[in-house]
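This is what each chain is made of:
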Amino acid sequence: MISEEKLQILTESAKYDVSCSSSGSRRKNEGGIGNGYAAGCCHSFTPDGRCISLLKILLSNDCIFRCKYCMSRADADVPRATATPEEICTLVMDFYKRNYIEGLFLSSAVVKSPDYAMEQLVRTVKMLRTEYNFHGYIHVKGIPHADSLLAHEAAKYADRMSYNIELPSETSLKLLAPQKSKESLLLPMKQLQRETLAFRAEKRKGYFLPAGQTTQMIIGASPEPDGQILRLTQSLYRANGLKRVYYSSYVPVVQDSLLPAVGAKPMREHRLYEADWLLRFYGFSAEEIVEDDGNLSLELDPKCAWALRNPQFFPVEVNRAPLEVLLRVPGIGARSAQKILSARRYAKLGFSDLKKMRVVLKRARHFITAGGKFFGTENQAVLRGLLTAGEAQAGAVQLDFFRELQAARTALTGEL
Amino acid sequence: MIYFYDGSKPSFLTALLAAYSDDGAVLSSRSAQLGLGEKTVFVHADPQRAEKAEQRLLSYDPKCMQDLDLLLRSGADDRDKVAFDYFRLLAARKHPVRGMLAEDAAAAADDCIRRVEYEVHRFHGFVRFLESASGALYAPIAPDNDICDLLLPHFCARLAQCPFVIHDVKRKRAAVYDGTHTFTAPLDRAEVALSADEAAWQELWKKYYKSVNIPSRERLKQMRGYMPVRYWKFMPEKLGDLK
Ligand code: SF4
């Protein structure tokens, strides 16, 4: 059994990785323990409001690299620990059996060399799958500069892999993570994308990254504006086929003249996630959401901001508007849009019907008509005031689980 | 008139038939405060009539019995009314009413069913097994809705080799997997001898829970929204936070 002290060190250095999602895999239990749960599943929530789905841990925090923002960097004076593959395997098995976790998110510092670190990761996940007969979720972080065959080997056992692009531009990467290069992160991503496509095309047996790839970048450690970040995000989705792009607000755990002394505002991260949501589920493009060198409004959520910039689009009639148009209405989420589509097949909907259906109209009423009736205001200045005030009240934007069950389910899998 | 029934499907269907054309009908499966002069009747399940009602309803909507099953599992106070109104609407319209969300009865049933399903989803994550000395797993739970047997397929698939018991301590009912078969049984109290390592794994889990948190970003309200305090009782990582 791994010691409490080791567990603590290896967890503390892994916890700034945002992703804890266990979604996207339908792996079957083949005579052992565990299986995939495509919708993802949260097992607990920590006081910081994040979901625990996976056991998020480093194999080692003993690093030869010196990324400026990282507390495990080679020149940092921190306690070091390295776990054995066996220690990780038994930990996963015993936590999983008790239903503490949905699987493993295994990462590592660059211990000894990129190849050595990656070999250890591969050894561990291979052992877990083949000797411990574990079929639950496994997410493996790729080590930059490691041999491409090792990445391929890891992908045979993992459900998901990620190479974190770390910073939103090459310049910042050079400055803050000098031993990593754009190529060392993007090439393996491309390689795995090609191999996954080939695997699917040949309809081979078994699994090869069934839950795809994700990445993460730090927000607020470097000067890139939101516009640039969202364009990069969009291209990672479109050209690299990534499943998710995560943002992690910069937390100053390290002092360095190259780094800002204060962390990024949580609201900025929140807005970026809202914008990312619009990219993935609501049919928006990055160009529609924010100009190249612009930043997202902190006061208004990006959908409201877009709606205010595009008054010619509104109001839309709820009895006729197609799904993709309904989804562009501020205040109408996926669940509400589905409800409207369903209910209007039976009857023409008026505002009282929408209320009965618990579609929240506070913001939406300024952008829709129901049966030709309009109950909002068209005065842009007033409207702006109303929408901003509503935001402030909503505070930390609580999801109503029953209103937005679908959305909430995804949120629950740690994807918010 | 208030129609009391026992909460089971046949008795609900019998009560539905009896109450259907009574405009002031109220269905109830729980002891209720009776108003002065209120008339009551206790409906006993009539299997034959219930079967006929079921066939009729199924001909209107082949999926309606799944709805009924979930509605009758709900722990919500207005559960009986919601189920009655929903099935009365179905019987009146004679076609599926599930999507007619502008109808109060359909919207309320939709909501009620979602809450039950959502709790099942939550408990896929929130169940905490204890390892017994024999290796079998035991999880006490106290959910809002009567769902312990609905958790069986999920855990059977993943724990395949390992027998387990999920014990609803509120309803004194257990869902059991013996390694081959599943069944439910009444279970009042369970005495479980824990495995030698159980306590140590719980300690490690608590350590993990503590270490993975980022204290500078505390958002307790959010945490409690996702994982309500009433569920904490059987979660080792939260026990210390319960007063
Ligand atoms: S490679 Fe960079 S980010 Fe990763 S552990 Fe080492 S110093 Fe930290």
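Rules of the game
Residues numbered from 1 in each chain as written. Chains lettered and ligands numbered in written order. Predicted model: local features only at pLDDT ≥ 70, side-chain atom pairs only at ≥ 80, totals over all residues. Heavy atoms only, no water. Pairing = 2+ DSSP bridges. Helix = DSSP H or I, 4+ residues; strand = E, 2+ residues; numbered from the N terminus. Axes fitted to C-alpha atoms, helices over the stretch in contact; angles between N-to-C directions. Contact = heavy atoms within 4.5 Å. Buried < 20%, exposed > 50% of the residue type's maximum accessible area, 1.4 Å probe, protein only. Right-handed = clockwise from strand over helix to strand, strands pointing away. Domains from an automatic or database assignment. Buried area = accessible area lost by both parts, 1.4 Å probe. Salt bridge = Lys/Arg side-chain N within 4 Å of Asp/Glu carboxyl O. Polar contact = N/O pair within 3.5 Å; in protein donor to acceptor, adjacent residues only side chain to side chain. Nonpolar A, V, L, I, M, F, W, Y, C, P; charged D, E, K, R; others polar. Disulfide = S-S within 2.5 Å. Near = heavy atom within 4 Å. Expected span 1.5 Å × (residues − 1). Arc of directions from axis to C-beta.

Thoughts on the sheet that holds strand β4 (residues 103-107) of chain A
Residue and element names in this part refer to chain A. Pairing is parallel in the open sheet, where six strands are placed in the order β3-β4-β5-β6-β7-β8. For this open sheet the edge positions go to β3 (54-58) and β8 (244-249), each flanked by a neighbour on one side alone. Adjacent strand axes in the sheet meet at a mean angle of 20 degrees, parallel and antiparallel pairs treated alike. Sheet topology places strand β5 (residues 137-141) next to strand β6 (residues 160-162); three bridges connect them, and they run parallel. Its bridge partner lying in β6, lysine 141 is registered against serine 162. Of the strands in this sheet, β4, β5 and β6 touch helix α3 (residues 114-130), which is tilted by about 170 degrees from β5.

Things to note about the sheet that holds strand β4 (residues 130-131) of chain B
Residues and elements named next belong to chain B. Spatial strand order, β4-β5-β6-β7-β8: five strands in an open sheet with mixed pairing. This sheet does not close on itself; its edge strands, each paired only once, are β4 and β8 (182-186). Two elements, strand β5 (residues 137-141) and strand β6 (residues 164-168), share five bridges in a ladder whose sense is parallel. Its bridge partner being in β6, isoleucine 141 is matched across the sheet by aspartate 168.

With respect to helix α12 (residues 334-343) of chain A
Buried residues dominate α12(A), accounting for seven of its 10 residues. Buried within α12(A) we find A:Arg335, A:Ser336, A:Ala337, A:Lys339, A:Ile340, A:Ser342 and A:Ala343.

Notes on the pairing of β6(B)
Burial of β6(B) is extensive: four of the five residues sit out of reach of the surface. The handedness of the β5(B) to β6(B) crossover, carried by helix α6 (residues 152-159) of chain B, is right-handed.

Considerations on the domain arrangement of chain B
All names here are of chain B. As assigned here, chain B comprises domain 1 (2-119) and domain 2 (125-241). Taken together, the eight residues of domain 1 in the interface contact nine residues of domain 2. Regarding the contact of domain 1 and domain 2, the summed buried area is about 680 Å², with carbon and sulfur atoms giving 40% of it. The tally of links between domain 1 and domain 2 comes to one salt bridge. For aspartate 149, the salt bridge goes to arginine 73, with nearest N and O atoms at 2.9 Å. On the surface where domain 1 and domain 2 come into contact, there are six residue pairs in polar contact (both at pLDDT 80 or more). Here the side of domain 1 that touches domain 2 is built from residues that sort into three nonpolar, two polar and three charged.

A word on the interface of chain A and chain B
Listed per partner, the contact involves 65 residues of chain A and 62 residues of chain B. Across the chain A/chain B interface, buried area totals approximately 5900 Å², and carbon plus sulfur atoms make up 59% of it. Joining chain A to chain B, the criterion identifies six salt bridges. Linking A:Arg358 and B:Asp111 is a salt bridge whose minimum nitrogen-to-oxygen distance equals 3.1 Å. Contributing elements (two or more residues each) for the side of chain A that touches chain B: α1 (4-12), β1 (44-45), β3, α2 (85-97), α12, α13 (351-356) and α15 (405-415) of chain A. With six residues, α2(A) is the largest single contributor of residues to the side of chain A that touches chain B. Looking at the side of chain A that touches chain B residue by residue, the class counts come to 30 nonpolar, 19 polar and 16 charged.

Topic: the domain arrangement of chain A
Entries for chain A in the domain assignment read domain 1 (4-206) and domain 2 (299-411). Here the C-alpha centroids of domain 1 of chain A and domain 2 of chain A sit 39 Å apart.

What to know about the state of the cysteines
Residue and element names in this part refer to chain A. Summed over all chains, the structure comprises one disulfide over all chains. The disulfide that involves cysteine 42 links it to cysteine 51, with 2.4 Å between the sulfurs. Judged by the torsion about the S-S bond (-105 degrees), the cysteine 42/cysteine 51 disulfide is left-handed. Assessed through its relative accessible area of 6%, cysteine 42 is described here as buried. For cysteine 51, a relative accessible area of 9% puts it in the buried group. No disulfide involves cysteine 20; its sulfur sits 5.0 Å from that of cysteine 51, the nearest cysteine. Of the residues examined, cysteine 20 reaches a relative accessible area of 3% and is grouped as buried.

Considering the site of the ligand
Around the ligand, the surrounding shell consists of A:Cys63, A:Phe65, A:Cys67, A:Cys70, A:Arg73, A:Ala109, A:Val110 and A:Lys180. Grouping the amino acids of the shell around the ligand by side-chain chemistry returns six nonpolar, no polar and two charged.

Looking at unusual backbone geometry
All names here are of chain A. In this structure, proline 315 follows phenylalanine 314 across a cis peptide bond, with omega equal to -5 degrees. Relative to the helices and strands, proline 315 is located in the loop between α10 (302-309) and β9 (316-317). For histidine 145, which is not a glycine, the phi torsion comes out positive at approximately 75 degrees. Following the sequence through the fold, histidine 145 ends up in the loop between β5 and α4 (148-157). The residue leucine 209 is not glycine, and still its phi comes out positive at about 45 degrees. As for its placement among the helices and strands, leucine 209 is situated in the loop between α6 (182-201) and β7 (213-219). Look at leucine 209 and you get buried, because its relative accessible area is 0%.

Examining helix α2 (residues 47-60) of chain B
Residues and elements named next belong to chain B. Taking 1.5 Å as the rise per residue, α2 with 14 residues should run 20 Å; its terminal C-alpha atoms sit 20 Å apart, in good agreement. Here α2 has its buried residues at Ala50, Ala53, Glu54, Leu57 and Tyr60. Down the axis of α2, the buried side of the element spans an arc of 115 degrees, and every buried residue falls inside it. Turned more than 90 degrees off the buried face of α2, the exposed positions are Gln48, Lys52, Arg56 and Ser59. Packing partners of the buried residues in α2 comprise α1 (9-19), α3 (64-73) and α4 (79-93).

Concerning the pattern of salt bridges
The full count for this structure, using the stated rule, is 48 salt bridges over all chains. Measuring nitrogen to oxygen at the nearest pair gives 2.8 Å for the salt bridge that ties A:Asp159 to A:Arg129. Placement of A:Asp159 in the loop between α4 and β6 and of A:Arg129 in helix α3 is noted, with a sequence separation of 30 residues between them. Side by side, A:Asp159 and A:Arg129 carry an identical accessibility label, which is buried. Within this structure, A:Asp94, A:Lys97, A:Arg98, B:Glu131 and B:Glu198 form a network of salt bridges that share partners.

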